[in-house]
Amino acid sequence: MSVFPVIVLFFSSLFLGMVQKLDQKLPVANEYLLLSGGVREGVVDLDLDELNVYARGTDYDMDFTLLVPALKLHDRNQPVTLDMRHSALCHSWLSLRLFDEGTISKWKDCCTIVDHINGATNYFFSPTKVADWFYDSISIVLSEIQKKPQRGMPKVEKVEKNGTIISIILGVGSSRMLYDIVPVVSFKGWPAVAQSWLMENHFWDGKITEEEVISGFYLVPACSYKGKKDNEWRLSFARSEVQLKKCISSSLMQAYQACKAIIIKLLSRPKAISPYHLRSMMLWACDRLPANYLAQEDYAAHFLLGLIDDLQHCLVNKMCPNYFIPQCNMLEHLSEETVMLHARKLSSVRSDPAEHLRTAIEHVKAANRLTLELQRRGSTTSIPSPQSDGGDPNQPDDRLAKKLQQLVTENPGKSISVFINPDDVTRPHFRIDDKFF
């Protein structure tokens, strides 16, 4: 593990322990999930409108997301009520009605209250109120830390609340880390609504165990497009996705990173596609395509073209099923106008993907140069920058752009697509695989 995640975890344990001491709301023994990449990178399915725009190089050098359980529901005997009657698919309310009086009393100020005709009172754990409490508590604790700085501790440069997410920028030597903290509800096991997914065949079968995949899930503070913001949580399978990532080839991951770099800004306005949509499409492609094809080490350019085609297909059909709950279509809310606008943009990318990739690479290099320049002007500490022109293995590189250009040149008017039979890449563009959905 590199020095930066270690610093994040150490700092987390310190200030979250202090948050717990304020009013004893957080579990004493807690389990945090640290993800490489911020919320803006799509590491969890949040996609909040309130997120401020930060630029790598200008505002931060490295980003992480930390999922912090406010409630842990890991006891099989502990009553849990996921109330999905009022929610869209993949979302739920969380009732505390069957919890013990101590839990209700502790969290009552973070609940919305519904009184029934029979006189009973139901307490629903509120994502917005939990986020407000969390931000206030973190602000108090970080203020105390800043008053009494300790040697070797990161410098807190910025703390702000973006909807239900708390974003902190930490100064670590000459580098800055963007650090998104998400209050969640943590569960052991697997939700009934996703039980049918386990009955299907998947690309990870035989590579990792089912126990590793279904070890737990979360409720994250994100509302559906028509849901009630104060009550509705979104089911998240981030823990499972971390396990599934182990089974994805490096060339497909390279293609995913390159595709994300191309589309993240291109399709940002009006909001329609997030990196999480793209990652879901990648997981579906892994289920759909032969393992020996996906394992090809020099097929990154093929995979990139395929992901772009998958994305175009999803947009045109307004259909992107959630990987774990396929009956949930994550694009059904889009308007025809938005769909056609983004489809035209993607057609432009598909006509010359290498040029768009080179542009994305130049943006990355420009951000790296800016980071290095700011570092030269600032501290001379020996802690290295996590970014350099050579370096991040997750960033698209120019070799992929050249390979992509070669493929397009050698196949004029034809598509090398994940929709295509991998043993025959000569079929016309937009041949749709019936097994995709």
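This text follows the structure it describes.
As the structure is a computational prediction, the values presented were derived from the model and not from experiment.

Visitor: What is the right way to look at unusual backbone geometry in this model?
Guide: Both trends apply: most residues other than glycine have a negative phi, and most peptide bonds are in trans. Positioned with a positive phi, Gln-24 is a non-glycine residue whose angle comes to about 55°. Relative to the elements of secondary structure, Gln-24 occurs in the loop between α1 (3-23) and β1 (33-36). Residues other than glycine seldom take positive phi values, yet Cys-90 does so here, at roughly 75°. Using a relative accessible area of 7% as the deciding quantity, one classes Cys-90 as buried.

Visitor: When you look at the pattern of salt bridges in this model, what are you seeing that I'm missing?
Guide: Any two side chains of opposite charge can pair if their charged atoms end up close together. This structure, assessed with the given rule, holds 13 salt bridges. Residue Glu-336 is joined to Lys-318 by a salt bridge in which the shortest nitrogen-to-oxygen separation is 3.4 Å. Of this pair, Glu-336 sits in helix α10 (residues 336-351) while Lys-318 sits in the loop between α9 (300-317) and α10, placing them 18 residues apart in sequence. A relative accessible area of 21% means that Lys-318 is categorised as partly exposed. One salt-bridge network, in which partners are shared between bridges, spans Asp-23, Lys-25 and Asp-109.

Visitor: Teacher, can you tell me more about the packing of helix α6 (residues 250-266) against helix α7 (residues 275-288) here?
Guide: The packing of two helices is summarised by the inter-axis angle and the distance between the axes. The geometry of α6 relative to α7 is characterised by a closest axis approach of 10 Å and an angle of 150° between their N-to-C directions. Here α6 is positioned roughly antiparallel relative to α7, judged by the angle of their axes. Two packed elements cross with a definite hand, and for α6 against α7 that hand is right-handed. Across from Leu-252, Met-253, Tyr-256, Cys-259, Lys-260, Ile-263 and Ile-264 in α6, the residues of α7 making contact are Pro-275, Leu-278, Arg-279, Met-282 and Cys-286. Here the residues of the contact of α6 with α7 are counted per class, giving 10 nonpolar, no polar and 2 charged.

Visitor: Sorry, what's going on with the environment of Lys-21 here?
Guide: Its location among the elements puts Lys-21 in helix α1. Lys-21 sits in the exposed class, given a relative accessible area of 62%. Sequence spacing of Lys-21 and Val-141 is 120 residues, and the spatial spacing of their C-alpha atoms is 9.9 Å.

Visitor: Looking at this model, I keep getting lost on the environment of Asp-136. Mind explaining?
Guide: You can see Asp-136 is positioned in helix α3 (residues 127-147). A sequence separation of 117 residues divides Asp-136 from Val-19, and the C-alpha atoms of the two residues are 9.7 Å apart.

Visitor: Got a minute to help me understand the side chain of Lys-25 in this structure?
Guide: Here Lys-25 lies in the loop between α1 and β1. One polar contact links the side chain of Lys-25 to the main-chain carbonyl oxygen of Lys-106, over a distance of 3.1 Å. Setting aside its immediate chain neighbours within four residues, Lys-25 contacts Gln-20, Ala-70, Lys-106, Trp-107, Asp-109, Cys-110 and Trp-133.

Visitor: Explain the environment of Met-340 here, please?
Guide: By the secondary structure assignment, Met-340 is in helix α10. Sequence separation between Met-340 and Leu-315 is 25 residues; the distance between their C-alpha atoms is 7.9 Å.

Visitor: For this particular structure, what's the right way to read empty space enclosed by the protein?
Guide: Going through the model one piece at a time under the given rule, you end up with 1 cavity of 30 Å³ or more. Here the largest cavity defines a volume of roughly 30 Å³. As for the largest cavity, its lining consists of Glu-241, Tyr-276, Arg-279, Ser-280, Leu-283, Asn-322, Tyr-323 and Phe-324. Looking at the lining of the largest cavity element by element, the count peaks at 4 residues for α7. By residue class, the composition of the lining of the largest cavity is 4 nonpolar, 2 polar and 2 charged.

Analysis parameters
Residues numbered from 1 in each chain as written. Predicted model: local features only at pLDDT ≥ 70, side-chain atom pairs only at ≥ 80, totals over all residues. Heavy atoms only, no water. Helix = DSSP H or I, 4+ residues; strand = E, 2+ residues; numbered from the N terminus. Buried < 20%, exposed > 50% of the residue type's maximum accessible area, 1.4 Å probe, protein only. Salt bridge = Lys/Arg side-chain N within 4 Å of Asp/Glu carboxyl O. Axes fitted to C-alpha atoms, helices over the stretch in contact; angles between N-to-C directions. Parallel < 35°, antiparallel > 145°, perpendicular 65-115°, else oblique. Left-handed = near helix turned anticlockwise from the far one by under 90°. Contact = heavy atoms within 4.5 Å. Nonpolar A, V, L, I, M, F, W, Y, C, P; charged D, E, K, R; others polar. Polar contact = N/O pair within 3.5 Å; in protein donor to acceptor, adjacent residues only side chain to side chain. 1 Å grid on protein atoms, 1.4 Å probe; cavity = no way out; pocket = protein on both sides within 12 Å on 5 of 7 lines; lining within 4 Å. Points joined across faces, edges and corners; volume = space filled by probe spheres on them.

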